[in-house]
Amino acid sequence: MAETIPSDDVRDRVLTSARRLFNGRGINVTGVDLLSETAGVSKRSLYQRFRTKDDLIEAYLAEEMSCVLADLLPPADAGLSPAERIMALFATARRQSEIDDYPGCPVLNTAAEIRDPAHPVRVAAVAYKKKMQAHFEAEARLAGAADPGQLAEQLMMLFDGAMTYASVRKEPMPESLLTAVRTLLDAQLP
């Protein structure tokens, strides 16, 4: 993964431009020339902050996942049970899919463009998906699931499928998503 670099105005502008361009156009078709032009910085300045385009993509993914998780996870002090937190995460994802030009999951989009499983960006994408699945497993364990690992795997597949559904079809996730989550929880929880 990319090393953490202190924030500065140029770096922030490059990441903001990368987010807009990568989400809107894709990673592979977005060149460094367009990134530097859109950010209003020289390529030299861009490369001083990110040694390679891959380093920039990794930083973009880290920022995107931080935003995605912050937006999806209910506040810790919301007083929700683990099962309610899982439901809230899916309900929030469903609501977000209703916005115009919903980009879908940045990790899935990146993985679709970078096919080599050994590529550092692809490795980072897989790590984020594993982190999400670990979150589901921890919540499932706290909820008393009969098989937290299996439930987490099922929730992860449902989550990724719902994200892909909305992104590919350019329509919101259906209400049946929440019914499916509730069915999985009911099958596993005491």
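For the structure itself, consult the block above.
Described in the following lines is the structure provided in the data block. In this numbering scheme, every chain counts its residues from 1 along its sequence in written order. In keeping with the model being predicted, local features are shown solely for residues with a pLDDT of at least 70 and side-chain atom pairs are shown and tallied solely at 80 or more, while totals for entire chains, interfaces and linings include all residues. Where side-chain values are given, they derive from all heavy atoms of the structure, hydrogens and water being excluded.

**So, the layout of surface pockets**
Thought 1: In this analysis a 1.4 Å probe is tested at points of a 1 Å grid over the protein atoms alone, and where it fits but cannot get out there is a cavity; an open set with protein on both sides within 12 Å along at least five of seven lines is a pocket; lining residues have an atom within 4 Å of a point. Grid points are joined across faces, edges and corners, and a volume is the space filled by probe spheres set on the points. For the largest pocket, the calculated volume is near 330 Å³.
Thought 2: As for the largest pocket, its lining consists of 18 residues, and the residues nearest its centre are Arg19, Ile99, Tyr102, Pro103 and Gly104.
Thought 3: Put simply, the parts of the chain that give the lining of the largest pocket at least two residues each are helix H1 (9-24) and helix H4 (53-72).
Thought 4: Considering every element that reaches the lining of the largest pocket, the biggest residue donor is H4, with 5 residues.
Thought 5: The residue classification treats Ala, Val, Leu, Ile, Met, Phe, Trp, Tyr, Cys and Pro as nonpolar and Asp, Glu, Lys and Arg as charged. All others, Gly included, are polar. Along the lines of polarity and charge, the residues of the lining of the largest pocket split into 8 nonpolar, 4 polar and 6 charged. Runs of E in the DSSP output that reach at least two residues are strands. Runs of H or I that reach at least four are helices, and both are numbered from the N terminus.

**A few points about the pattern of salt bridges**
Thought 1: Here a salt bridge means any side-chain nitrogen of Lys or Arg lying within 4 Å of a carboxyl oxygen belonging to Asp or Glu. Inspection of the entire model under this criterion finds 11 salt bridges.
Thought 2: A salt bridge links glutamate 64 to arginine 19; the shortest N-O distance between them is 2.2 Å. On the criterion of sequence distance, the pair formed by glutamate 64 in helix H4 and arginine 19 in helix H1 is long-range, its members being 45 residues apart.
Thought 3: Of the residues examined, arginine 19 reaches a relative accessible area of 35% and is grouped as partly exposed.
Thought 4: If you follow the salt bridges from partner to partner, you end up with Arg94, Glu98 and Glu175 in one network. For every residue, the accessible area obtained with a 1.4 Å probe (protein chains only) is divided by the maximum for its type, and the residue is called buried under 20%, exposed over 50%, and partly exposed between those limits.

**Considerations on helix H9 (residues 176-188)**
Since the α-helix packs 3.6 residues into each turn, any two residues three or four apart lie on the same face.
Thought 1: In this model, H9 (13 residues) spans 19 Å end to end at C-alpha, consistent with the 18 Å of a helix rising 1.5 Å per residue.
Thought 2: Residues Leu177, Leu178, Val181, Leu184, Leu185 and Gln188 constitute the buried set of H9. Buried residues of H9 fall within an arc of 125° about the axis and therefore sit on the same side.
Thought 3: Contact partners of the buried residues in H9: helix H5 (82-96) and helix H8 (148-169). The span one expects for a helix is its residue count, reduced by one, times 1.5 Å. Note that the arc is computed from the directions linking the helix axis to the C-beta atoms. Residues are treated as being in contact if the distance between any of their heavy atoms lies within 4.5 Å.

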